[in-house]
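# Breakdown of the fold
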Amino acid sequence: MAANGNGRVPTAPGAGGVGRNGLAKIQTNKKAEGVCHDDSTPPVKAQTIDELHSLQMKKSAPTTPIDGMKGPFAAFSEDERSKQQLQSISASLASLTRETGPKVVKGDPARQSETPRVSHVSHEITPTISVSDSSLKFTHVLYNLSPAELYEQAIKYEKGSFITSSGALATLSGAKTGRSPKDKRVVRDKTTEDDLWWGKGSPNIEMDEHTFMVNRERAVDYLNSLDKVFINDQFLNWDPENRIKVRIVSARAYHSLFMHNMCIRPTPEELENFGTPDFTIYNAGQFPCNRYTHYMTSSTSIDLNLARREMVILGTQYAGEMKKGLFSVMHYLMPKRQILSLHSGCNMGKDGDVALFFGLSGTGKTTLSTDHNRYLIGDDEHCWGDNGVSNIEGGCYAKCIDLSREKEPDIWNAIKFGTVLENVVFDEHTREVDYSDKSVTENTRAAYPIEYIPNAKIPCVGPHPKNVILLACDAFGVLPPVSKLSLAQTMYHFISGYTALVAGTEDGIKEPQATFSACFGAAFIMMHPTKYAAMLAAKMEQHGATGWLVNTGWSGGRYGSGSRIKLAYTRKIIDAIHSGSLLKANYKKTEVFGLQIPTEVEGVPSEILEPMNTWSDKKAYKETLLKLAGLFKTNFQGFVAHKIGKDDKLTDEILAAGPVF
Ligand SMILES: Nc1ncnc2c1ncn2[C@@H]1O[C@H](COP(=O)(O)OP(=O)(O)O)[C@@H](O)[C@H]1O
Ligand SMILES: C=C(OP(=O)(O)O)C(=O)O
Ligand SMILES: [Ca+2]
Ligand SMILES: [Mn+2]
C-alpha cells in the first residue's frame, strides 16, 4: 500500500478519521463486520457469463396471441405467417435466372447462437444440374429492425457511423452526398410511352425493359452475395384508402434506419398482415452499375420500372434517392386516381386552416412548415384528393447546414436518438456536431420520424388548403419578399418553378444560378407539368385557395452585395398569410412581373417589401430585374404550346401572367 502525503500508511477503512488527500474514509456496513460485501442485493441467477447475457434479453412478445385469435387471420398460426413472410422475402430476392428465390433466414449471421429468431424457409428444393455456388448460400435478412438494433449494426459494421452527443446516428453516405438526376432511368414500354413525359426538360431518361433486368439482376445478385441484407416493409401515404405498401431491400443499416424514419411505420399487427408489397426498392448502392451496359453513362444508375413496380439503385449510397424515387412513383400512381401529388410542405393552424409550401431544395419547405404555432402535417411530399391533404411520408428530411437551436428549435430538438444525421462533422471526443462545418458536404441532413416534432399532426392528414405558398430563394434579389397571386399567376409560377441559389460558397461566384424546375419538382414528376398544373388550378378554384409568392432569398442587392432575407421576417410574412391579415392588406402592383405587393406586414420593415427600395444602385436593380424576367420568358417558351385545363381561357390567362417588358 502506498504511503499518503504525510508519509504514513493510511489506516484501514472503517476505523474513522481522514484518509488519503484529506477525504473522509469510506464506512463499511456495520452488519457486515469482518466480511467485505459491496452490496446487500441477492446474487444474479446465473452460473456463467453466457447465462447472464441470456437473462438480459427477452423474446419480443407475439402481437397476436396464438390461442383465442379472432378475425380473418385466425386460421394462420404464428409459424404459418412467419413462413409466408419468408417466402415473400425470398420471392423479392429471386434472381430471375433461377427458378426459386434464395434460402432466406432471419437474423444476424454473427449472432445466430444468441438469436431465437432463426427460422428456415421450407423451400421446395428442386434438384437441378446447373446449381451455382450462390444457390447453396443462405440469405440472412434483418427484417424491420428497431432503431436500437440498427444503431448497433451501423456502429459495428459501417465505417463512419457514430453516436453524436444528442444521441443521433452520424453516418456517411459515401462518394455521393446528393441526388444524381442525370443517372435516373425510367423503363419505356407500351404504357409509359404514352403516359409519361419524355424528351426535352423531362426527368425521365429512357431505358428498355431488358436493360432494367440486367441492372436488377446485378443488384439482386450483389445483395444475395452479402452476409446479410436489411428489409423494411412500410407504408406510404396517410390516406388509408390510397396507402401503398413498400419494401426496401438494402445493404446498410443506415439505409434501413433512414427509411424506417422516412416512411410510415406499420404497427406490429399491420406488419404481421403485410402480405405482398406494392412496390420494391433494391438498393445495392455500394455496388456500381456496369458502364458497358446499354443506356449507362456513369457507374451510378437509379432505375424505375413502373410495370414491375420496382426500383433498382446501383452506384450511389445517398439515401435521398430512395425517398425521392418513391415520390416519383407516387407522382405516377396518384394522379391516375385523380389525386394530385405535391412537392410541398404542409401545416395546419388551430382553426384547421391548411397551407402548402412549394419550393425547390433549400427554399424553406421544411423550415417554414415546421412552425411552433401550427400542426405539422409534413415537410416535403403530399397528396391532395377529394377529402383534403395527406402526407406521403412518416418523417422529415431537414437540411442541417448552419442549423441553430435559437432559429430552428424544433428541428434542433428532433436530432436525438433514432435520427439519422448524414455527412455532418463532429468533435472526435465530445461528439458535439458542428453544423457550420461543410468539410464533407454543404448538403448535410437529418432524417427523423415526424413525431419527433412536438406539434406534428398524427395521422398526417388535413382538410383542403386555404393558402398555397410558392417559395423561391431569389439570389438575384429582385423578387418581393411576398406577393399575392391571381390563379393564373399561381399557375405561371408553379409551372416555371423558379429558384436561384448561389452555386457554392467559394469566393468569386458573383452570378446566381437560376433554376427552373416545373411544378417545383421537375426531377420527380412523371407526366407533363401541365397535367399537374391543371389539377392544381381546378383544386385551388374549387376550394377557394389563395396563391402567394414568397422570396426567401436575397434583398438589398443580389448575392454578393445584398443579404438573405432574415428568417424572422419570412416567418412574420408567413404568419400574416396564415392569420388572414395579409389578404386584407393594401396592395400595389410591381413593374415587369406585375406582382401585387402589400404595403405593410406586421413585424416586417415596410421598406423591404418593395425590393427596389433596398437597392442603393437603382440602375443595377432594373437591369437585374429585366435579366430575370428574360430568363422566365425563355424558360416558359417550352410550355406555350400546351393547353392547361379544359378550355383555352385559363391557358391564355397563364400566358399573360408572366413578366411584361
Ligand atoms: N428567410 C428564410 N426563409 C427560409 N429559410 C431560410 C431563410 N433564411 C435562411 N434560411 C435557411 O435556408 C434553408 C432552407 O432549407 P429547407 O427548409 O430545408 O428547404 P427545403 O425543405 O425546401 O429543401 C434552411 O437552412 C434555413 O435555415
Ligand atoms: C431530399 C431532397 O429534397 P429537399 O431538398 O427538397 O428537402 C432532395 O432534393 O434530394
Ligand atoms: Ca424536397
Ligand atoms: Mn426539405
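Right, let's walk through the structure included here. Just so you know, the residues in each chain are numbered from 1, in the order the chain's sequence is written. Ligands are numbered from 1 and chains lettered from A, in the order in which they are written. Owing to the predicted nature of the model, reporting of local features is limited to residues with pLDDT of at least 70; listing and counting of side-chain atom pairs is limited to 80 or more, with chain, interface and lining totals taken over all residues. Heavy atoms throughout the structure, all of them, feed into the side-chain values; hydrogens and water do not.

## Focus on helix H16 (residues 648–656)
For clarity, the threshold we go by: Three exposure classes are used, based on accessible area relative to the maximum for each residue type with a 1.4 Å probe and protein chains only: buried under 20%, partly exposed in between, and exposed over 50%. Runs of H or I in DSSP of at least four residues are treated as helices and runs of E of at least two as strands, each being numbered from the N terminus. The arc in question is formed by the directions pointing from the helix axis toward the C-beta atoms. By definition in these notes, contact holds between two residues if any of their heavy atoms fall within 4.5 Å.
Burial in H16 covers these residues: Leu650, Thr651 and Ile654. Across the axial projection of H16, the buried residues extend over an arc of 100 degrees, all falling on one side. Summarising the geometry of H16, the exposed residues directed more than 90 degrees from the buried face are Lys649 and Ala656. Contacts made by the buried residues of H16 are with helix H11 (487–496), helix H12 (529–543) and helix H15 (618–636).

## Quick word on the coordination of the calcium ion (ligand 3)
Heads up, the condition is: Only nitrogen, oxygen and sulfur atoms within 2.8 Å of the metal, or 3.2 Å for Na, K and Ca, are treated as donors, and water is left out, so sites may look incomplete. All geometry calls rest on donor angles, where a four-donor set with angles between 85 and 135 degrees is tetrahedral, four- and six-donor sets with opposite donors more than 155 degrees apart and all others between 65 and 115 are square planar and octahedral, and all else is irregular.
The protein atoms that coordinate the calcium ion (ligand 3) are Lys324 (NZ), His343 (NE2), Asp380 (OD) and Asp380 (OD), at distances of 2.2 to 3.0 Å. Considering all six donor atoms around the calcium ion (ligand 3), angles at the metal cover 46 to 147 degrees and the coordination shape is irregular. Mapping the donors of the calcium ion (ligand 3) onto the primary sequence yields the spacing K-x18-H-x36-D.

## Points about the side chain of asparagine 283
What counts here: Contacts described as polar in this section are N or O atom pairs within 3.5 Å, which, within protein, must combine one atom able to donate a hydrogen with one able to accept it, while residues neighboring in sequence count only if both atoms come from side chains.
Structurally, asparagine 283 can be placed in strand E9 (residues 279–284). For asparagine 283, the side chain forms a polar contact with the side chain of histidine 255, separated by 3.4 Å. Aside from chain neighbours lying at most four places away, what touches asparagine 283 is Leu223, Val249, Ser250, Ala251, His255, Ile313, Thr316 and Met322.

## Digging into empty space enclosed by the protein
Basically, it comes down to this: Points on a 1 Å grid over protein atoms alone make up a cavity when a 1.4 Å probe fits among them but cannot get out, and a pocket when they form an open set with protein on both sides within 12 Å along at least five of seven lines; lining residues each have an atom within 4 Å of a point. Grid points are joined across faces, edges and corners, and a volume is the space filled by probe spheres set on the points. Under the scheme applied here, ten amino acids are nonpolar (Ala, Val, Leu, Ile, Met, Phe, Trp, Tyr, Cys and Pro), four are charged (Asp, Glu, Lys and Arg), and all others, including Gly, are polar.
Summed over all chains, the structure comprises four cavities of 30 Å³ or more. As a volume, the largest cavity reaches approximately 50 Å³. In this structure, the largest cavity is lined by Val478, Leu479, Pro480, Thr590, Glu591, Phe593, Leu595, Glu610, Pro611, Tyr621 and Leu625. In this structure, the second largest cavity spans a volume of roughly 40 Å³. Leu236, Met259, Met262, Cys263, Lys323, Leu326, Glu381 and Glu393 are the residues that line the second largest cavity. For the lining of the second largest cavity, the secondary structure elements donating two or more residues are helix H6 (253–262) and helix H8 (320–336). For the lining of the second largest cavity, the residue count by class is five nonpolar, no polar and three charged.

## Here we look at the site of ligand 2
Stated formally: Nearness here has a simple test: a residue counts as near a molecule or strand if at least one of its heavy atoms is within 4 Å of that partner. Computed by Shrake-Rupley with a 1.4 Å probe, the accessible areas treat only the displayed protein chains as cover when residues are assessed.
Close contacts around ligand 2 come from Arg179, Tyr318, Lys323, Lys324, His343, Ser361, Lys365, Asp380, Tyr397 and Arg445, and that covers them all. Within the contact set of ligand 2, an oxygen atom lies 2.7 Å away from a side-chain nitrogen or oxygen of arginine 179. Contact distances for ligand 2 include 2.7 Å between an oxygen atom and a side-chain N or O atom of arginine 445. Notes on ligand 2: free accessible area 290 Å², of which the protein chains cover 95%. When grouped by side-chain class, the residues that make up the shell around ligand 2 number two nonpolar, two polar and six charged.

## A look at the environment of proline 454
Tracing the chain through its elements places proline 454 in the loop between strand E21 (445–449) and strand E22 (461–462). Relative accessible area serves as the criterion here: at 60%, proline 454 is assigned to the exposed category. Separated by 78 residues in the primary sequence, proline 454 and leucine 376 place their C-alpha atoms 8.8 Å from one another.

## Observations regarding the site of ligand 1
In the vicinity of ligand 1, 16 residues are found, and the nearest of them are Gly362, Lys365, Thr366, Thr367 and Glu408. One nitrogen or oxygen atom from the main chain of leucine 360 is found 3.4 Å from an oxygen atom belonging to ligand 1. Between ligand 1 and threonine 570 there is a distance of 2.9 Å, counted from a nitrogen atom to a side-chain nitrogen or oxygen. The protein chains hide 89% of the 570 Å² of surface that ligand 1 would expose on its own.

## A short note on a nonpolar patch on the surface
This is how the line gets drawn: Residues enter a patch when their relative accessible area is above 30% and they make no salt bridge; the linking distance is 9 Å between like charges and 5 Å between nonpolar side chains (Val, Leu, Ile, Met, Phe, Trp, Tyr). The salt bridge criterion pairs a side-chain nitrogen of Lys or Arg with a carboxyl oxygen of Asp or Glu, the two atoms within 4 Å.
Together, Val44, Ile49, Leu52 and Leu55 make up an exposed nonpolar region whose accessible area comes to about 380 Å². Its location among the elements puts leucine 55 in helix H1 (residues 49–56). Taking relative accessible area as the criterion, leucine 55 reaches 52% and is therefore assigned exposed.

## Some remarks on the pattern of salt bridges
If you walk through the whole model with that rule in mind, you get 20 salt bridges. One salt bridge connects aspartate 233 with arginine 247, and the closest N-O pair in it is separated by 2.7 Å. Of this pair, aspartate 233 sits in strand E7 (residues 228–236) while arginine 247 sits in strand E8 (residues 244–250), and the two are 14 residues apart along the sequence. Taking relative accessible area as the criterion, aspartate 233 reaches 0% and is therefore assigned buried. In this structure arginine 247 comes out as buried when scored by relative accessible area, which is 1%. One connected set of salt bridges, linked through shared partners, spans Lys323, Lys324, Asp380, Glu381 and Glu393.

## Considering the sheet that holds strand E6 (residues 206–207)
Stated formally: Only strands joined by at least two bridges in the DSSP assignment are considered to pair.
One open sheet holds the nine strands; their spatial order is E1-E2-E7-E8-E9-E11-E10-E5-E6, and the pairing between them is mixed. The strands lining the two open edges of the sheet, one partner per strand, are strand E1 (103–106) and E6. For E9 and strand E11 (residues 310–314), the ladder comprises five bridges, and the chain directions are parallel. For tyrosine 282, the partnering residue across the bridge sits in E11 and is valine 312.

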